[in-house]
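# An overview of the molecular structure
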Amino acid sequence: MIASRLIAHRGASLLAPENTLGAMTKTHEIGTPWVEIDVNRLGDGTLVMFHDDQLGRLTSARGRLCDQRWDDVKALDIGSHFSADYSGERMATLSQALDHIQALGLGLNLEIKVYPEFTPEQIVFDTIKVLDTHWHDTDKLLISSFNSEVLNLLHHWRPDWQCGHLWERIPKDWAEIAEDLNLVSVHCDHRHLTEEQIRQIRTSGLDLYCYTVNEPERAAHLLQLGVDGIITDDPLLLGASR
Ligand code: G3P
Ligand code: MG
């Protein structure tokens, strides 16, 4: 169970440029205790806080992430697409992101992305190494992934870490998968979630988190139905952050 009903998606990406150190700072400033970020991999193996497999949406450069080296991307501006106030924002490595999030005292929902250019092993083993070195409080860490093999590897190598499965639509065999992988939570797209699934997951003892909810009425309704947490681009959607 995480200590927040709101989780800042990519670092409150309606309020600051997604997956940047500035967005983590913004999350802290508005009083949201937990943040969700994406970890991704460059061609040289560097792990970075970045959602897409391409540079084009968030930077002035083009190309696939898997074709980049850290030296190629570290000076890229990933804040100007959001606003001129954030034009100094640069891509952060996972290590830099963890150090910053931890210094702010935030809890972390770390989503491990696996694009087809890499295997789950390539990203999981390096992510474990970085977390071992840079993250100290595993009570304030919840790892999630759409990729079952990522969660299987984590279950094997770090059985004490809290992990949750991401799905767009929760599959029929979610309970068996959760048991096999010793998961603590289910994460799903709120648009496909039914009230019956909410009841079943609550009964199972697993936590349930929904993405990406940006409408206040929908967020309040889901929480009232028993969803444990809302992953939102706007943690201020219910008024003061909580
Ligand atoms: O962790 C929830 C959410 O981040 C999953 O989707 O594409 O925004 O990473 P995406
Ligand atoms: Mg994500």
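Residues numbered from 1 in each chain as written. Chains lettered and ligands numbered in written order. Predicted model: local features only at pLDDT ≥ 70, side-chain atom pairs only at ≥ 80, totals over all residues. Heavy atoms only, no water.

### Looking at the environment of Gln-224
- Among the structural elements, Gln-224 can be located in helix H8 (residues 216-225).
- Given the relative accessible area of 62%, Gln-224 is considered exposed.
- Remark: the alpha-carbon pair of Gln-224 and Asp-52, spanning 172 residues in sequence, is separated by 33 Å. (Helix = DSSP H or I, 4+ residues; strand = E, 2+ residues; numbered from the N terminus. Buried < 20%, exposed > 50% of the residue type's maximum accessible area, 1.4 Å probe, protein only.)

### Regarding unusual backbone geometry
- With a phi angle near 55°, Arg-10 is a residue other than glycine that sits in the positive phi range.
- For Arg-10, the position within the fold is in the loop between strand S1 (6-9) and helix H1 (21-29).
- In this model, Asn-182 sits at a positive phi of 55°, which is unusual for a non-glycine residue.
- Assessed through its relative accessible area of 45%, Asn-182 is described here as partly exposed.

### Notes on the site of ligand 1
- Around ligand 1 sit His-9, Arg-10, Glu-36, Asp-38, His-51, Glu-111, Lys-113, Phe-146, Leu-166 and Tyr-211, and those are all the residues in its vicinity.
- Side-chain polar atom of His-9 to an oxygen atom of ligand 1: 2.7 Å apart, as the coordinates give it.
- Here Arg-10 contributes a side-chain N or O atom positioned 2.7 Å from an oxygen atom of ligand 1.
- The site holding ligand 1 turns out to be the largest pocket. (Near = heavy atom within 4 Å. Polar contact = N/O pair within 3.5 Å; in protein donor to acceptor, adjacent residues only side chain to side chain. 1 Å grid on protein atoms, 1.4 Å probe; cavity = no way out; pocket = protein on both sides within 12 Å on 5 of 7 lines; lining within 4 Å. Sits in = over half its atoms within 2 Å of the grid points.)

### Here we look at the pattern of salt bridges
- Taken as a whole, this structure holds 14 salt bridges when the rule is applied.
- Of the charged contacts, one joins Asp-52 and Arg-57 as a salt bridge, the two residues approaching to 2.7 Å between their closest N and O atoms.
- Judged by relative accessible area, which is 11%, Asp-52 ranks as buried.
- On the accessibility criterion, Arg-57 (44% relative accessible area) is partly exposed. (Salt bridge = Lys/Arg side-chain N within 4 Å of Asp/Glu carboxyl O.)

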